[in-house]
Structures are given as structure tokens and as C-alpha cells.
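A look at the structure
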Amino acid sequence: MTGSFAPSLPPAQAPDDWVDRFLLAGPDDQECLRFGTPVDRAALRALVAEQAGRLTAAGLSRGGTAALRLAPSLGYTAALLACWQLGAQAVLLDHRLTDHEVALAVERLAPQVLVESAHGPAAAMRGFAETDPVPVARPDGRPAATGHALVQLSSGSTGPAKVIARTAADLLRELDCYARLEAFPKAGERVVLLSSVVHVLGLVGGLLNSLHARVPLTVPARMTTAGVLAAIGEDDRPTTVIGVPFHAELLAGAADPPPLPQLRRMIVAGELVRPGLPAAFTARYGVPLGTMYGMTELGVIATDLDGTGHPEVVPVHGMDLREDGGELHIAMAASPTRASPTPPAGRTAACTPGTPGGSTR
């Protein structure tokens, strides 16, 4: 089978086999990931099955909960997909959290299984790590109280960290939004991912979308200017780089970058983009710096992938939003904050436009 794969419409409720159908499907020998060495779909499916066996042995089952504290890696990817394949709820804990912070999060969220690596932490500036996920049962853990597939903690930069939960159908809806963006990577192209796979841009826009769209994804060995440029240049296929504005600043400041004819664009989100950065990046590489605006609560909201509208971005398909007094109000079917009551019909979640990438239009 060749070409991209995406459902024409996301299901209202994800099927039990959504991981196999939407993320792992594809020819056995098709490259899908590269954490140092290429991994094809047959190898990834085998790794997911292995992790599913370990998780099952630790007591995880459908409706259970597992917290993952793993660095970006092939092991992290396999453990996450295995959790979902088993029908469990995955709680993502940033591997850079301190032991004290992890202990507080685990006490608060009470997962039944905690998955950590048998290896030590990754060296500074490493793009990925060698991990051997080890699931350990927690006797005081609790099964999932809701049908959400994914639980994330907000950064806490504007107050106490919120517990944000999304269903599998939420994730498939977001993947459908990416599939509708003409300038987003398609089959025959590749992605170099710089964003963290624990957070929404790197997780859904990077990792899950690449598996879904059948676009090979590379994580650089080192998150340095030289390391990122090497990752872009190691393959001739049309390449999109996905990261945060800091990464674009890093690349725009390269004194004498090599020719990169395969580079098509870079896309950033997650922080403010300073006014001169898009022009500086384009002057250095001859390709656009695109921007996206989104929230952990629902993923991508609006984009300017060609860099023609900065600082404005255009809403993606299906967004029900309006601006009111400097706030962006987005209608959702239910609150994305776990333990919050479901809002009445028509209630909206509010955020301030412009934080990650620009204003909306």
C-alpha cells in the first residue's frame, strides 16, 4: 500500500482498535520512525506487542491507568501505543521533572502502573535516549474514572498545573485537522521533530500525525544547531522541521549552514514568535517559517504554515470560536479539565489569543 492514509471524517467514538487501524497500519517494510536508526512498521508493531505484554504482566488492563516517565525514545513510543492498544489511560509525565515533582503527580493522579526506564537519564542536549521501559504496579493506584485515553499536566506557567484529559476520538479529530492542511507533511515527505513528544505539538502534530499520515519522523541525536542541520541533511526527501520558536532562533543564527535543498519549511508553536524571526529564518534558508496556535486542551486551533500572515493565523477545520474582549472563546462538547463538570451546551473555554504563534483571524 502506498500514499497517505487518513479517515475522511474522524469517528465520533474511536473504535477499540484505533491504534492498530490509524497509527500502526501500513506496509511492514515502510519506515516510520528514526531514533538514530530507521524503524519500519513491522518492527514498531513488534515493539508495541512486547510492551503490551510487559504492561499486562504488571496488571494493566482495559480501563486501567499507567503513568509514563520516559525520555523521548523508541521505548516511550512503544509503551504509549501499548497502553492505548490495551484500552488503558496513559498519563504523561515529563522525564525532566524531579523525583519530588513526579511523586506529587503520582500521588495526585494515582496510576495503577508507573513506567520508568531501566537506563539512566539522557545526557544534556540529547534529542532522544535509549530507554528500556519497566512497568511497576502500584497497589494504591486507581482505574480510570473517565473514558479519556490521554492525561497531561499543563505547564503551570500561569498557575497550578491543570490535569487535562482527551479521548481517543479527540486525538483522531485533531489528526483529521492535520490531514486537511495542504502544506502539512504528506506521504513521500519526512518530518524532523524538535518538540517534546510529551507535549501536544510534538505528541500529536509530530509523532501521532507522522504515524497516521505515513510520513517518516526523525528525532535528531543532538538538539544543537549542528545536530539539527545534520538530521535535515541526512535524507533527500522533502523535509519539514517542527519545533518551538527557540529552535528557529537557533537555526536562524547558524553562521554558515550547508545547502539544504530538501528543506521545505519549519513550523513552530508553543511560544511567542518575535517579529523579526520569520524574515531572518527565510533569509537564512530560503523557506518559510510557519506558525501554529494551539492548546493542550484541544490541540491545533489555527495555522499560518506558509508564513504569509504572521502574526495572524487561520482557524483549522471544525473550530467553533469567537473573539470577545481580547479573549478567544472556543466551543467544546465537554470540559477538557479532568474532574471538572461537563459544561452546559454552548459553554466555551476561554484563552488569550496570540500566546504560541500569533493572533487569529
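Being a predicted model, the structure only gives us computed values, none of them experimental.

**Let's talk about helix α7 (residues 225-233)**
- Turning to α7, its buried residues are Gly227, Val228, Leu229, Ala231 and Ile232.
- Close packing links the buried residues of α7 with β9 (190-193), β10 (217-218), β11 (239-243), α8 (245-252), β12 (263-268) and α9 (277-285).

**Comments concerning α9**
- Looking at α9, one finds that the buried residues are Leu277, Pro278, Phe281 and Tyr285. Buried residues along α9 cover an arc of 100° about the axis, so they all sit on one side. Turned more than 90 degrees away from the buried face of α9, the exposed residues are Ala279 and Ala283.
- Of the surrounding secondary structure, the elements contacted by the buried residues of α9 are α7, α8, β12 and β13 (289-295).
- Count one or two residues on from α9 and you reach Gly286, which has phi positive near 75°.

**Considerations on the nonpolar core**
- Residues Trp18, Leu68, Tyr76, Leu81, Trp84 and Leu208 are the most contacted members of the largest nonpolar core, which totals 97 residues.
- If you look at the next biggest cluster of nonpolar residues, it comprises 11 residues, including Ala67, Val102, Leu114 and Val163.

**Some remarks on the pattern of salt bridges**
- Tallying each qualifying case throughout the model produces 20 salt bridges.
- Residue Arg190 pairs with Glu234 through a salt bridge whose shortest N-O separation is 3.9 Å. Here Arg190, found in strand β9, pairs with Glu234, found in the loop between α7 and β11; they are 44 residues apart in sequence, far enough to count as distant.
- Owing to a relative accessible area of 43%, Glu234 belongs among the partly exposed residues under this scheme.
- Across the pair Asp235 and Arg237 runs a salt bridge, and its minimum N-O distance is 2.7 Å.
- By relative accessible area, which is 11% here, Asp235 ends up buried.
- Of the residues examined, Arg237 reaches a relative accessible area of 26% and is grouped as partly exposed.
- Among the charged side chains, a network of salt bridges with common partners joins Glu31, Arg34, Arg190, Glu234, Asp235 and Arg237.

**Things to note about the pairing of strand β2 (residues 37-40)**
- One ladder, built from four bridges, connects strand β1 (residues 31-35) with β2; its direction is antiparallel. Bridge pairing in β2 links Leu33 to Val39.
- Hairpin connection between β1 and β2: a loop of one residue separates the two successive antiparallel strands, and Gly36 in this loop has a positive phi of roughly 90°.

**Remarks on the sheet that holds strand β3 (residues 65-69)**
- Read across the open sheet, the six strands follow the order β6-β5-β3-β4-β7-β8; overall the sheet is mixed. Both edges of this open sheet fall to β6 (133-137) and β8 (163-166), since each of them pairs with a single strand only. Averaged over all pairs of adjacent strands, the angle between strand axes in this sheet comes to 25°, irrespective of strand direction.
- Alignment of β3 against strand β5 (residues 113-117), held across four bridges, turns out to be parallel. Each residue of the ladder has a partner; that of Leu68, found in β5, is Val115.
- Contacting β5 and β6, helix α2 (residues 41-57) crosses the sheet at an angle of about 20° to β6.

Thresholds applied
- Residues numbered from 1 in each chain as written.
- Predicted model: local features only at pLDDT ≥ 70, side-chain atom pairs only at ≥ 80, totals over all residues.
- Heavy atoms only, no water.
- Buried < 20%, exposed > 50% of the residue type's maximum accessible area, 1.4 Å probe, protein only.
- Helix = DSSP H or I, 4+ residues; strand = E, 2+ residues; numbered from the N terminus.
- Contact = heavy atoms within 4.5 Å.
- Arc of directions from axis to C-beta.
- Core = buried A, V, L, I, M, F, W, Y, C linked by side-chain atoms within 4.5 Å.
- Salt bridge = Lys/Arg side-chain N within 4 Å of Asp/Glu carboxyl O.
- Pairing = 2+ DSSP bridges.
- Axes fitted to C-alpha atoms, helices over the stretch in contact; angles between N-to-C directions.

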